[in-house]
Amino acid sequence: MNERGSNVDNVSWQGFSTKAVHAGFVPDPLTGAVNVPIYASSTFAQDGVGELRGGYQYARAANPTRSALEQNLAALEGGGYARAFGSGMAATDCLLRAVLKPGDHLVLPNDAYGGTFRLIDKIFQRWGVEYSVASISDIDDVRAAVRPTTKLLLIETPTNPLLNIGDIAALAELAHASGAKLAVDNTFASPYLQQPLRLGADAVIHSTTKYIGGHSDVIGGALITGDETLDSEFAFLQNGAGAVPGPFDSFLTLRGVRTLALRMEQHCTNAERLVDMLVAHPKIEKVIYPGLTGHPGHKVAAKQMRRFGGMISVELVGGSEIARNFCSRTRIFTLAASLGGVESLVEYPAAMTHAANTGSELEVPANLVRLSVGIEDAGDLICDIEEALK
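Since the structure is predicted, the reported quantities are computational estimates derived from the model, not experimental observations.

Basis of the calculations
- All residue numbers refer to positions counted from 1 along the written sequence of the respective chain.
- Where local features are concerned, this predicted model is filtered to residues with pLDDT of at least 70; where side-chain atom pairs are given and counted, the filter is 80 or more; whole-chain, interface and lining totals use all residues.
- Neither water nor hydrogens contribute to the side-chain values; these are computed over all heavy atoms in the structure.
- At least two DSSP bridges between two strands are required for those strands to pair.
- Helix numbering and strand numbering both begin at the N terminus, where a helix is a DSSP run of H or I of at least 4 residues and a strand a DSSP run of E of at least 2.
- Axes here mean lines fitted to C-alpha atoms, for a helix over just the part in contact, with angles spanning 0 to 180 degrees between N-to-C directions.
- Between buried and exposed lies partly exposed: a residue is buried under 20% and exposed over 50% of the maximum accessible area for its type, with that area taken using a 1.4 Å probe on protein chains only.
- Whether two residues are in contact is decided by their heavy atoms: any pair within 4.5 Å suffices.
- Under this definition, polar contacts are N or O atom pairs within 3.5 Å; protein pairs additionally need one hydrogen-donor-capable and one acceptor-capable atom, and for neighbouring residues in sequence, both atoms have to be side-chain atoms.
- Segmentation into domains, and thus their bounds, comes from an automatic or database assignment.
- Summed over both partners, buried area is the accessible surface (1.4 Å probe) that two parts give up on being assembled.
- Each salt bridge in this description consists of a side-chain nitrogen of Lys or Arg and a carboxyl oxygen of Asp or Glu lying within 4 Å of one another.

### Let's talk about the sheet that holds strand β6 (residues 150-156)
Within a beta sheet, neighbouring strands are joined by backbone hydrogen bonds and run either parallel or antiparallel to one another.
Argument step 1. Taken together, the seven strands give an open sheet; going across it, the order is β3-β9-β8-β7-β6-β4-β5, and neighbouring strands pair in mixed fashion. Each edge of the open sheet carries a strand with a single partner, namely β3 (81-85) and β5 (130-134). Recorded for the sheet is a direction-independent mean angle of 20 degrees between the axes of neighbouring strands.
Argument step 2. Here strand β8 (residues 203-206) runs beside strand β9 (residues 221-225); their pairing, made up of four bridges, is antiparallel.

Encoded structure:
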């Protein structure tokens, strides 16, 4: 393991799964343990004042288990630096504080995640930060939203929950020409399907709770960048504000990372099977999935993603009550407000994950249901949805 900090040594491994299994940790030289230990210590002995063993002194600043996770995530995203946080929202908060100051402006998607919108609209706006929303799939709409005071384009692609696609390379070019930075929330895609830093983004955000952790048993977030100056800001705020994950959470997340490629392949395969059924079903008004050739962002998604992901959104015939009832009728798909775990989940965004958007420009359709397709047998998932639609 490297010494304290998340700067990643250059490694010769090219394969994603090899990095997922090995980056950030080598077998323990004392015991031969192939898994990173859970360093359950809040403080670390010093050999003299300021003489630190491995660079560790206090676990809010750094913990060896967390460092292993950070080095692993940096390798997977193709960045030089990563910082882990206690949640995805803590990571987003750190990004905003690092990049923006009172009087600055940012642009975000017109269908952004409700928690992100709430953080900006209810907290950062009181701090003097202004924002505009735009369709990230329309480069001209984003360009029109940019102001002289714009310092950040904060995008999701695919977006949550409408699965719109932004052209990361084009948006990075626009941001940089405007003197702004581009940050991409890569939670829906995961680093297995998409690596925004390689396409010009300045920073990547993850809710590691979702696909990276993968088992719905740990909360976490991460910021990854290739910019040393930007990482220094992230590191200062990570330590200064202290929204860090504990060693056990870091261990669980790193354990999940190891099977990320395998899980993502199954998520994608199952989603594609389910989409085939949904597009032909008379009770489904609209299927939203980037893998469909009729999706407006299909070509861009095909260019910048390995596959099209495990998230599907559908609009049901009959309106909000039908959509709500559907969510309570599934048996394998669990009604819950999260995504990216091995189990399939269903949710009603208007009253759950995106309730904060109600009454705003970001309000989601009342008949929209979001499906997080798990790794169960596809045939069982199809039967479950068909029964719930009866």
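Back to the write-up after that little detour.
### So, the environment of glutamate 130
Argument step 1. Relative to the helices and strands, glutamate 130 resides in strand β5.
Argument step 2. Of the residues examined, glutamate 130 reaches a relative accessible area of 39% and is grouped as partly exposed.
Argument step 3. Sequence-distant contacts of glutamate 130, defined by excluding residues within four places in its chain, comprise Asp104, His105, Leu106 and Arg147.
Argument step 4. Among the polar contacts made by the side chain of glutamate 130, one reaches the side chain of arginine 147 at a distance of 3.0 Å.

### Section: the pairing of strand β11 (residues 311-316)
Argument step 1. For β11, a buried count of six out of six residues is recorded, marking the element as mostly surrounded by other parts of the structure.
Argument step 2. Burial along β11 is two-sided: Met311, Ser313 and Glu315 facing one way and Ile312, Val314 and Leu316 facing the other are all buried.
Argument step 3. For strand β10 (residues 284-288) and β11, the ladder comprises four bridges, and the chain directions are antiparallel. Across the sheet, the residue bridging to isoleucine 288 is serine 313, located in β11.
Argument step 4. Where β11 meets strand β14 (residues 368-372), five bridges bridge the pair, whose relative direction is antiparallel. By the bridge assignment, valine 314 is partnered in β14 with valine 369.

### Remarks on the side chain of serine 344
Argument step 1. Here serine 344 lies in the loop between β12 (334-335) and β13 (345-347).
Argument step 2. Here the side chain of serine 344 touches glycine 374 through a polar contact of 2.7 Å, landing on its backbone nitrogen.
Argument step 3. Those residues in contact with serine 344 that lie beyond four places of it in its chain are Ile332, Phe333, Thr334, Ser372, Val373, Gly374, Glu376 and Leu381.

### Observations regarding unusual backbone geometry
Argument step 1. Cis geometry marks the peptide bond from threonine 157 to proline 158; its omega dihedral reads 0 degrees.
Argument step 2. The residue proline 158 is located in the loop between β6 and α6 (168-177) in this model.
Argument step 3. The amide bond that connects asparagine 160 to the next residue, proline 161, takes the cis arrangement and shows omega of 15 degrees.
Argument step 4. Along the polypeptide, proline 161 turns up in the loop between β6 and α6.
Argument step 5. Even without being glycine, leucine 163 reaches a positive phi, approximately 55 degrees.
Argument step 6. When its relative accessible area of 1% is taken as the criterion, leucine 163 is described as buried.
Argument step 7. With a phi angle near 70 degrees, serine 190 is a residue other than glycine that sits in the positive phi range.
Argument step 8. Positionally, serine 190 belongs in helix α7 (residues 190-193).
Argument step 9. Under the relative-accessibility criterion, serine 190 is labelled buried at 0%.

### A closer look at the domain arrangement of the protein
Argument step 1. For the protein, the domain assignment lists domain 1 (16-255) and domain 2 (260-389).
Argument step 2. Taken over C-alpha atoms, the centre of domain 1 sits 25 Å from the centre of domain 2.
Argument step 3. When the buried area of domain 1 at its contact with domain 2 is split by residue, Tyr192, Leu193 and Tyr211 rank highest and sum to 24% of it.
Argument step 4. Taken together, domain 1 and domain 2 are joined by one salt bridge.
Argument step 5. Residue lysine 303 is joined to aspartate 167 by a salt bridge in which the shortest nitrogen-to-oxygen separation is 3.0 Å.
Argument step 6. Between the two partners, domain 1 and domain 2, sit 15 residue pairs in polar contact (both at pLDDT 80 or more).

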